[in-house]
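Report on the structure
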Amino acid sequence: MKSPFKFGQVVEGEYFTDRAKDIKRLVANFENNINTVLLSPRRWGKSSLVHKAIKTTLKRNKNFRACYIDLFQIRDEKEFYGKLATGVIKSTSTKFEDWVRTAGQFLKTLTPNISFGIDPQADFKISFDFTDKDKTYGEILNLPEKIAKKKKIKIIIAIDEFQNLSNFKNPLLFQKRLRSAWQYHYNTVYCLFGSKRHMLTEIFENKSMPFYKFGDVIYLSKIEQKYLVKFIIRKFEKTSKHINGKYANEIVALMKRHPYYVQQLAYIVWSNTGKTVDQKTLDNSVNDLLDRNSILYEKEIDELSNTQVNFLKALVDGIDNGFSSQDILKKYNLGASSNVIKIKRVLLKKEIIDISGGQIEILDPAFELWLRKRYFAAGGIKL
Ligand SMILES: Nc1ncnc2c1ncn2[C@@H]1O[C@H](COP(=O)(O)OP(=O)(O)OP(=O)(O)O)[C@@H](O)[C@H]1O
Ligand SMILES: [Mg+2]
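By convention here, each chain's residues receive numbers from 1 onward along its written sequence. Both sets of labels track the order of writing: A upward for chains, 1 upward for ligands. Only residues with pLDDT of at least 70 get local features here, since the model is predicted, and only at 80 or more are side-chain atom pairs given and counted; chain-wide, interface and lining totals rely on the full set of residues. Heavy atoms throughout the structure, all of them, feed into the side-chain values; hydrogens and water do not.

As a further point, take the site of ligand 1. Around ligand 1 there are 21 residues in total, and K6, Q9, R42, K46 and S48 lie nearest to it. We call two N or O atoms a polar contact when they sit within 3.5 Å, provided that within protein one can donate a hydrogen and the other can accept it, with sequence-adjacent residues counted only if both atoms are side-chain atoms. The contact in question runs from an oxygen atom of ligand 1 to an N or O atom on the side chain of S47, over 2.8 Å. Contact with the protein chains hides 97% of the accessible area of ligand 1, taken as 630 Å² for the molecule alone. The helix count covers DSSP runs of H or I at least four residues long, the strand count covers runs of E at least two residues long, and both are numbered beginning at the N terminus. When residues of the shell around ligand 1 are traced back to their parent elements, those giving at least two are α2 (46-60) and α12 (259-272). Residues of the shell around ligand 1, tallied by class, amount to eight nonpolar, seven polar and six charged. Built from parts of two domains, the shell around ligand 1 gets at least three residues from each of domain 1 (19-219) and domain 2 (225-299). Neighbouring residues are identified by heavy atoms, a residue being near a molecule or strand if any of them is within 4 Å of it. Only the protein chains shown count as cover for residues, and all accessible areas are computed by the Shrake-Rupley method using a 1.4 Å probe. Note on residue categories: nonpolar means Ala, Val, Leu, Ile, Met, Phe, Trp, Tyr, Cys or Pro, charged means Asp, Glu, Lys or Arg, and polar means any other residue, Gly included. In this document the domain limits rely on a domain assignment from an automatic tool or a database.

Quick look at the structure:
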C-alpha cells in the first residue's frame, strides 16, 4: 500500500496541512510587490510553503509568473546568473522557440551560450562568458524586470537555500549587486528563504549589510498540534487503518510539532500497524525511529565537547533558561556563566539548539528523545 505520509521532499496537495495564515501573508506580499524573507530551522516546511503560496498566487492572478531557484546546487556567482536567466526566460515564455528569441532580444550586451540536450524542454540552459564588468551582472539581474514590463506581467522570484551564497567567493559583493539592481524593480517581487537562521539574520538584520530591511521578514513557526493530529487521523482512515486521538496526539507531542518528524514517525507507526494502532506499536515505532537515526546522533555527540554535552543534559532535564544559577552551573559541570554563553553560541551555530523568547530548545526532537531515552539513560555522561 502506498504511504499516506511523506517526508524529506516538498509536500503539496493532500500531503500538506495548515499554514493558512502564512500562505495568506505570502500571497499578499507577492500581489503587493513586497519582498519577503522567510526563515526557519531545517525541515520546518519553508520550501513547501513557498511552493503552495506561489501556486495560489498564480491561480488567482493570470498575469503572474514564477521562477524558482535553489542555491543549494549553485557553486558560484556565475552559475547563479546562468540559472537566473534560464529560469526567468523559461517561466515567462511558453513555447520553446520563444525562449531562444527572448534570450536574444533581452540580453543585448552579453552573448548567451544556449544549449539544448536530448529533451529541449528540460535541457534548455543558458550560460555566459563573463567579462567581469558591472554592466554584465546588471543586464541579467534586470532581465526579469525588463521582461515583466514589456510583457505586462508580474514575476515572483523565489530563491531557496539563500544561506548558500556564503560559499560564493565574495558574498558581500554579490549581495550588493543584487540589492542595487533589485531596489528598482516594481514588477518583480523577491522571496528569499533558507535555514541557518543565525547567518541569515545577520544578512537581513544587520544595519551595515546590503539586505538590511529588504522586506517582510517571516520567522516560520511549527505546525499547530490540532492540524497535525487531524492530518494523521485522516491519513490512517484513508488507507483503512485506524488511530485514535490519544495516539495521534502522542505522535505529535513526542515530535514536538516538527513537521518532518511528525510525518516520519506517523509513517513508521502506520507501516507497523495492521489495522488499529495500540501503545505497543507506538512504542516500538519510536524505537525504530531512534534506531534509524542513532548512527547519525552518535556522530553528532562525538563532535561535541564535554561541557556542550553537559549543557544538552541540562536541557533534556527541562532546564531551559536557568543557566545563571550557580547551582545549575555546578550540578551540570558547566563552568562559569561566561562559558555557558560560549556553549550556546557553538550549539546555535551548529543548529543543534534554537533560542526564541529566551527559551532554549533542542531543534531535533528525535535527537532529544535519543539523548533522554538512550544516551543519558545509559549513563553516557560523567557529571
Ligand atoms: N504544511 C505541511 N504539512 C505537512 N507536512 C509538512 C508541511 N510542511 C512540511 N512538512 C513536512 O516537512 C518536510 C520538510 O518540508 P520542506 O522541505 O518544505 O521544509 P524546508 O524547511 O524547506 O526544509 P529544508 O530546511 O531541508 O530546506 C516535508 O517533507 C514534510 O514531511
Ligand atoms: Mg527547503
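Read on for the rest.
How big an interface is tends to be reported as the loss of accessible area on association of its parts. Under the domain assignment used here, the protein chain contains domain 1 (19-219), domain 2 (225-299) and domain 3 (304-375). The straight-line distance from the C-alpha centre of domain 1 to that of domain 2 is 37 Å.

This next bit is on the pattern of salt bridges. Salt bridge criterion: a side-chain nitrogen from Lys or Arg within 4 Å of a carboxyl oxygen from Asp or Glu. Considering all chains together, one arrives at 14 salt bridges under this definition. Residue R25 pairs with D216 through a salt bridge whose shortest N-O separation is 2.9 Å. With R25 in helix α1 (residues 20-31) and D216 in strand β7 (residues 216-219), this pair connects stretches of sequence that are 191 residues apart. Accessibility expressed as a relative area gives 38% for R25, which makes it partly exposed. One salt bridge connects K222 with E361, and the closest N-O pair in it is separated by 3.0 Å. The classification of residues rests on relative accessible area computed with a 1.4 Å probe and restricted to protein chains. Under 20% of the type maximum is buried, over 50% is exposed, and intermediate values are partly exposed.

This part covers the nonpolar core. One finds I232, F311, L312, F323, F367 and L371 to be the most contacted residues of the largest nonpolar core, which totals 54 residues. Looking at which domains feed residues into this core, each of domain 2 (225-299) and domain 3 (304-375) supplies at least three. Each residue touching I232, except ones within four places of it in the same chain, is listed here: F5, I243, A248, I251, V252, V262 and A266. The nonpolar core is taken to be a set of buried Ala, Val, Leu, Ile, Met, Phe, Trp, Tyr and Cys residues, with the residues joined through side-chain atoms within 4.5 Å. Counting 46 residues, the second largest nonpolar core, distinct from the first, contains L84, I89, F106 and F124. Should any heavy atoms of two residues lie within 4.5 Å, those residues are considered in contact.

Our next topic: the packing of helix α11 (residues 245-254) against α12. In a pair of packed helices, the angle between the axes and the distance between the axes together describe the arrangement. The axes used here are C-alpha line fits, helices contributing only the stretch in contact, and every angle between their N-to-C directions lies in the interval 0 to 180 degrees. Remark: α11 packs on α12, axes separated minimally by 9 Å, with the N-to-C direction vectors making an angle of 140 degrees. With respect to their mutual orientation, α11 and α12 come out oblique. Handedness of the α11/α12 crossing: right-handed. When α11 is examined against α12, the residues I251, V252 and L254 are found in contact with a partner set consisting of V262, L265, A266 and V269. Oblique is the label for any angle not under 35 degrees, not over 145, and not in the 65 to 115 range, which are roughly parallel, roughly antiparallel and roughly perpendicular in turn. Helix crossings are classified by the rotation of the near helix relative to the far one: an anticlockwise turn of less than a right angle makes the crossing left-handed, while a clockwise turn makes it right-handed.

Considered for burial, the residues of helix α7 (residues 143-151) that qualify are L143, P144, E145, I147 and A148. Of the residues one or two after α7, K152 is the one with positive phi, at around 55 degrees.

So, on to unusual backbone geometry. Phi is positive for R43, which is not a glycine, with a value near 65 degrees. With respect to the element layout, R43 can be found in the loop between β1 (36-39) and α2. In this structure, E161 is a non-glycine residue whose phi angle is positive, near 55 degrees. Summarising the element assignment, E161 is placed in the loop between β5 (154-160) and α8 (171-182). On the accessibility criterion, E161 (17% relative accessible area) is buried.

To continue, consider the sheet that holds β5. Any two strands are treated as partners once DSSP identifies two or more bridges connecting them. Ordered by their spatial adjacency, five strands build an open sheet running β2-β5-β6-β1-β7, and the pairing between neighbours is parallel. For this open sheet the edge positions go to β2 (64-70) and β7, each flanked by a neighbour on one side alone. On average, each strand axis in the sheet is tilted by 15 degrees relative to the strand beside it, whichever way the strands run. Pairing of β2 with β5 involves seven bridges; the strand directions are parallel. When the bridges of β5 are listed, C67 appears paired with I157. Relative to the sheet, α2 contacts β1, β2, β5 and β6 (188-194), its axis offset from that of β2 by approximately 165 degrees.

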